[in-house]
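# Chain and residue survey
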Amino acid sequence: MEDDTGERSSFVIGLIENRAKEVGVAAFDLRSASLHLSQYIETSSSYQNTKTLLQFYEPMAIIVPPNKLAADGMVGVSQLADGFCSSTRKVIMNRGCFDDTRGAVLVKGLAAKEPSALGLDSYYKQYYLCLAAAAATIKWIEAEKGVVVINHSLLVTFNGSFDHMNIDATSVQNLEIIEPMHSSLLGTNSKKRSLFHMLKTTRTIGGTRLLRANLLQPLKDIETINTRLDCLDELMSNEQLFFGLSQALRKFPKETDRVLCHFCFKPKRVTNEVLASNNGRRNQIMISSIILLKTALDALPLLSQVQHHCWGQAFTFLYLIWYNDELVIQVLKEAKSCLLGNVYKSICENEKYTSIRNRIGEVIDEDVLHTRVPFVARTQQCFAFKAGVDGLLDMARRSFCDTSEAVHDLANKYREDFRLPNLKIPFNNRKGFYFSIPQKDIQGKLPSKFIQVMKHGNNVHCSSLELASLNARNKSAAKECWLRTAFCLEALMDAIREDVSVLTVLSEVLCLLDMMVNSFAHTISTKPVDRYTRPNFTCDGPLAIDSGRHPILESINNEFIPNGIFLSEASNMAIVMGPNMSGKSTYLQQVCLTVILAQIGCYIPARFATLRVVDRIFTRMGTMDCLESNSSTFMTEMKETAFIMQNVSSRSLIVMDELGRATSSSDGFAIAWSCCEQLLALKAYSIFATHMENLSELATMYPNVKILHFDVDVRNNRMDFKFLLKDGLRHVPHYGLMLAGVAGLPSSVVETAKKITSRIKEKEMKRMEVNYRQYQDLQLTYQVAQRLMCLKFSDQDEDSLREALQDLKESYLSGKHKDN
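Just so you know, the residues in each chain are numbered from 1, in the order the chain's sequence is written. Local features are withheld for residues below a pLDDT of 70 in this predicted model, meaning they are given only at 70 or higher, and side-chain atom pairs are given and counted only at 80 or more; totals for whole chains, interfaces and linings count all residues. Side-chain calculation: all heavy atoms of the structure are included, whereas hydrogens and water are not.

### Examining the sheet that holds strand β15 (residues 450–456)
The condition is simple: Here, a strand pair is defined by DSSP locating no fewer than two bridges between the strands. Each helix is a run of H or I in the DSSP string that is no shorter than four residues. Each strand is a run of E no shorter than two, and both are numbered from the N terminus. Every axis corresponds to a line fitted to the C-alpha atoms, with the helix fit spanning only the stretch in contact, and the corresponding angles, defined between N-to-C directions, vary from 0 to 180 degrees.
What the three strands build is an open sheet, ordered β14-β16-β15; its pairing is antiparallel. The open sheet has two free edges, formed respectively by β14 (435–438) and β15, since each of these has just one partner strand. The sheet shows a mean angle of 30° between the axes of neighbouring strands, direction not considered. Pairing analysis gives five bridges linking β15 to strand β16 (residues 459–464), with the strands arranged antiparallel.

Here is the structure:
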């Protein structure tokens, strides 16, 4: 397999659909040797669910069947690949390749777990579309890469994407989870303003990819979330464990997860043709993989062997790795959290890792370590095997050493002959050896012996005929070393492949530890004490956040004003009002990001929080035309709102910012009102931010609506924003006209506008008074029910509960008395 050394995606995705609007997705990760299968009914004519998955995977190639007219006006997955992923390679395969029967057989044979554990035996007919996509995807990968996937080596998940919280592609952009909005305007430093880049302190590529995957698809299982939070509790309370694991993880190669997947793939035939010169790159990768695996297995014992040493100030600690058993503190073995305990049992106590390490040690030299320096890496690969294992390999090594020594002798000769004491002989994989001479050492022109002269900064890069000849001989000798090493490695690779499943487990564990230790724990440890707290979860309780802060903006502004939220089944909608720039949009974003942080198993920026697990987050924020789909601002807004209304569930979280403002005031108000009524009928939690003060009338008719506002002081026709959220409605007269005046609108225009709006407002207030009197009894009854539901989830003692119930009774009777 060709390696993928960067953080770019390594997913190949197969897509297929049927006439019932069902879509099957097979996502094969070449980096971690895993297969993720999903099958679902597409509820949006614009394929919002599929777009969400494509954004999550960011595929390097999309495999689709031949294009045809899709049923019921759907655009078809082929057109979707052209439009939504225009820069991604599109592969069209015959429909015969999308064979669900063959897909089921392949998945059964390749899955690392038993088919019964995956549910394949029971549900393979239900998953026929994604199995068909899997058959085409695996066939293309094996043909494209010239490999065969090893049996029982793939990590296979069914419906994995929808076992997590679903965040659609539009919401990912609105909430700035991965990239900030308007990043092209803010410059490169703006990356620090996304949640992903704030948490991206991981040290491995696999850990970074796992962090991104968790942010895009947070957990829904409370037990798993609490397991992570328990681990984080222990890391934050046990400094020795935290810093010890952080230092131990530094010893593992950055590309460990990528390397382990190479053992899941095998060339179709190991012959002279396969090991020909044009396959030298593959052989080099295989040798490098063995060295990386050896380095990772050498570092494995350090996970449970960490020494704590005090140094410097009273509160400064330095944690070092020691090999002396008398100094070793096995902190991981004594870890109390379930997650770390399972890591110790599955990794540190598994003898198969020692067995693999011993097999490697029998043929690989002990002094060989992973390195990134090009020439050192090439040399290490040539000398990876112990001497005496293969005679032809030993001869090739001697030739490699002789030519390498001759190159350095030539450099010394040129330094003396041409009086160039600072001449250097660097190396890169493309050019081989070349000369680098400081510009200041060159008097006039370079001697004619030097060829291919090119200026590079303050240096001149060049070569010579003698160096070119030595380069060719050195490269040939290195290639022979790799070929002979590849033959010797094949037996070792087959032995390692017998235990390939434990390597997959090791990769998952290292990525998870990297995310937990180097991202979550590191981020929390850099904040002031008690700024981040552990969230609590309930099955059907409220969404309660006390003194919450925006996780991204608070790192930019130290004086960020905290605000909370309380939603429950008895009060499931909050309408937030306030002038422009008072903080409404920031607040909506803050609530969603806090929920996402909590459901990936991380602490949150709040004083206290109790959350109900959210299955989907929907957002309707921002306004702009979509020129690609010929949609105006209002049409784009309506499409997003329609998607929310068609897919919302009782456990969803919906935030809407200024719904209906892109059309006429009467139509916009009517749409906003009707959408609110639709959502009020569900148990979903909704937060509306609006300038339409008429929407506050909902609270007079529906007792499960609460009105909130952002505080602002008005002085001398100027607004002083407090950014503090308060209960109830506060009318700030003519705040839009104040801003218009600041912007330079003529004073005569502003004064006329004030007279018009005052008349409109007077009529609205009279209507609200009538509604208030009409629904007062219902409001009082519902408030009692709401208080009773809150008491249901409280942990107060019996006497406190009796006192609270008595107070509730008295307040209800006094309210009835006032009404009468």
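### Quick look at the pairing of strand β21 (residues 608–612)
For the record, the criterion: Here the term buried applies to any residue with accessible area under 20% of the maximum for its type, exposed to any over 50%, and partly exposed to those in between, with areas from a 1.4 Å probe on protein chains only.
For β21, the buried fraction is high: four of the five residues fall into the buried class. Of the pairings in the sheet, the one linking strand β17 (residues 536–538) to β21 comprises three bridges and is parallel in character. Its bridge partner being in β21, T538 is matched across the sheet by R612. The pairing of strand β18 (residues 543–548) with β21 spans three bridges and is antiparallel. If you follow I545 over to β21, its bridge partner there is A609.

### What about the packing of helix α16 (residues 351–363) against helix α20 (residues 500–525)?
As a reminder of what qualifies: Roughly parallel means an angle under 35 degrees; roughly antiparallel means over 145; roughly perpendicular covers 65 to 115; every other angle is labelled oblique. Take the far helix as the reference: if the near one is turned anticlockwise from it by less than a right angle, the crossing is left-handed, and if turned clockwise, right-handed. Residue contacts are defined here by distance: any two heavy atoms, one from each residue, within 4.5 Å place the two residues in contact.
α20 packs onto α16 with a crossing angle of 110° between their chain directions and a minimal axis gap of 10 Å. The pairing of α16 with α20 is recorded here as roughly perpendicular in orientation. Seen from above, α16 lies across α20 with left-handed handedness. Here K352, Y353 and I356 of α16 lie close against α20, whose contacting residues are V502, L503, V505 and L506.

### Comments concerning unusual backbone geometry
Here H152, not a glycine, exhibits a phi torsion of approximately 55°, which is positive. Relative to the helices and strands, H152 is located in the loop between β6 (147–149) and β7 (155–158).

### Quick notes on the packing of aromatic side chains
For clarity, the cut-off: Here a Phe, Tyr or Trp ring, Trp counted by its six-membered ring, pairs with any other such ring whose centre lies within 6.5 Å, and the pair is stacked when the planes are under 30 degrees apart, edge-to-face when over 60, and tilted otherwise. Any Lys NZ or Arg CZ found within 6 Å of a ring centre and within 35 degrees of that ring's normal is scored as a charge over the ring.
Within this structure, the stated rule accounts for 15 aromatic pairs. With 6.2 Å between their ring centres and 45° between their planes, F28 and F265 make a pair best called tilted. With F28 in strand β2 (residues 22–29) and F265 in strand β9 (residues 265–267), the pair connects residues that are 237 residues apart, well separated along the chain. On the basis of relative accessible area, F28 is assigned to the buried category, the value being 0%. Relative to F243, the ring of F242 lies with its centre 4.9 Å away and its plane at 45°, an arrangement referred to as tilted. Here the guanidinium or amino end of K431 rests over the ring plane of Y434, the centre of that ring lying 4.1 Å away. Directly above the ring of Y685 sits R612, whose terminal nitrogen or CZ lies 3.9 Å from the centroid.

### So, helix α18 (residues 391–417)
Note on helix geometry: an α-helix contains 3.6 residues per turn, so any two residues three or four positions apart are oriented the same way. Rules: Expected helix span is given by 1.5 Å per residue-to-residue step, counting one fewer step than there are residues.
Taking 1.5 Å as the rise per residue, α18 with 27 residues should run 39 Å; its terminal C-alpha atoms sit 39 Å apart, in good agreement. Along α18, the residues classified as buried are L393, D394, A396, R397, F400, T403, S404, V407, L410, A411 and Y414. On its buried side, α18 packs onto α17 (374–382), β13 (432–433), β14, β15, β16 and α19 (465–497). Where α18 terminates, the next one or two residues include R419, which has phi positive at roughly 50°.

### Focus: the environment of K268
Assignment of secondary structure puts K268 in the loop between β9 and α14 (280–299). Through-space distance from the C-alpha of K268 to that of G146 is 6.3 Å; in sequence the pair is 122 residues apart. Not counting the four nearest positions on each side in its chain, K268 is found in contact with E142, A143, G146, V147 and V148.

### Concerning the state of the cysteines
Under the convention used in this document: What counts as a disulfide here is a pair of cysteine sulfur atoms lying within 2.5 Å.
As enumerated under the stated definition, the model contains zero disulfides in all. The closest cysteine sulfur to the non-disulfide-bonded C338 is located on C231, 10.0 Å from its own sulfur. Owing to a relative accessible area of 46%, C338 belongs among the partly exposed residues under this scheme.

### Overview of the side chain of N518
This is how it is decided: Here a polar contact is recorded for every N or O atom pair within 3.5 Å, except that within protein the pair must consist of a potential hydrogen donor and a potential acceptor, and residues adjacent in sequence are included only if both atoms are side-chain atoms.
As for its position among the elements, N518 is in helix α20. Residue class for N518 comes out buried when judged on its relative accessible area of 4%. A polar contact is formed between the side chain of N518 and the side chain of S246, at a distance of 3.4 Å. Of the polar contacts made by the side chain of N518, one reaches the side chain of D514; its length is 2.6 Å.

### Some points on the packing of helix α15 (residues 338–348) against α20
Applicable threshold: Just so you know the grouping, Ala, Val, Leu, Ile, Met, Phe, Trp, Tyr, Cys and Pro go in nonpolar, Asp, Glu, Lys and Arg go in charged, and all remaining residues, Gly too, go in polar.
At their nearest, the axes of α15 and α20 sit 11 Å apart, and the two run at 150° to each other. One element, α15, and the other, α20, form an angle in the roughly antiparallel class. Every pair of crossing elements has a handedness; the one defined by α15 and α20 is left-handed. Every residue of α20 that contacts α15 at L339, L340, V343 and I347 is listed here: V505, L506, V509, L512 and L513. Counted by class, the contact of α15 with α20 contains nine nonpolar, no polar and no charged residues.

### Comments concerning the pattern of salt bridges
Selection rule: The salt bridge definition used is simple: a Lys or Arg side-chain nitrogen within 4 Å of an Asp or Glu carboxyl oxygen.
In the structure shown here, the tally under the stated rule is 23 salt bridges. Members of the salt-bridge network, linked through shared partners, are K294, D298, R357 and E366.

### Some points on the nonpolar core
Applied cut-off: Side-chain atoms within 4.5 Å link the members of a nonpolar core, which is a set of buried Ala, Val, Leu, Ile, Met, Phe, Trp, Tyr and Cys residues.
The biggest cluster of nonpolar side chains holds 172 residues, and the ones touching the most others in it are L35, L37, L543 and I565. If we skip the residues at most four places from it in the chain, L543 touches I565, F566, L567, V591, V595, T610, L611, L653 and Y685. If you look at the next biggest cluster of nonpolar residues, it comprises 25 residues, including M573, A684, M692 and V705.

### Re the pairing of strand β1 (residues 11–17)
The element β1 is extensively covered by neighbouring structure, given that seven of its seven residues are classed as buried. Alternating residues of β1 divide into F11, I13, L15 and E17 and V12, G14 and I16, and every residue in both groups is buried. Judged from the seven bridges that link them, β1 and β2 form a sheet pairing that is antiparallel. Each bridged residue has a counterpart across the sheet, and for I16 the counterpart in β2 is G24. Counting the residues between successive antiparallel strands, the hairpin from β1 to β2 contains four residues, one of them, K21, with a positive phi of roughly 65°. Bridge analysis of β1 against strand β4 (residues 61–64) gives three bridges, and the strand direction is parallel.

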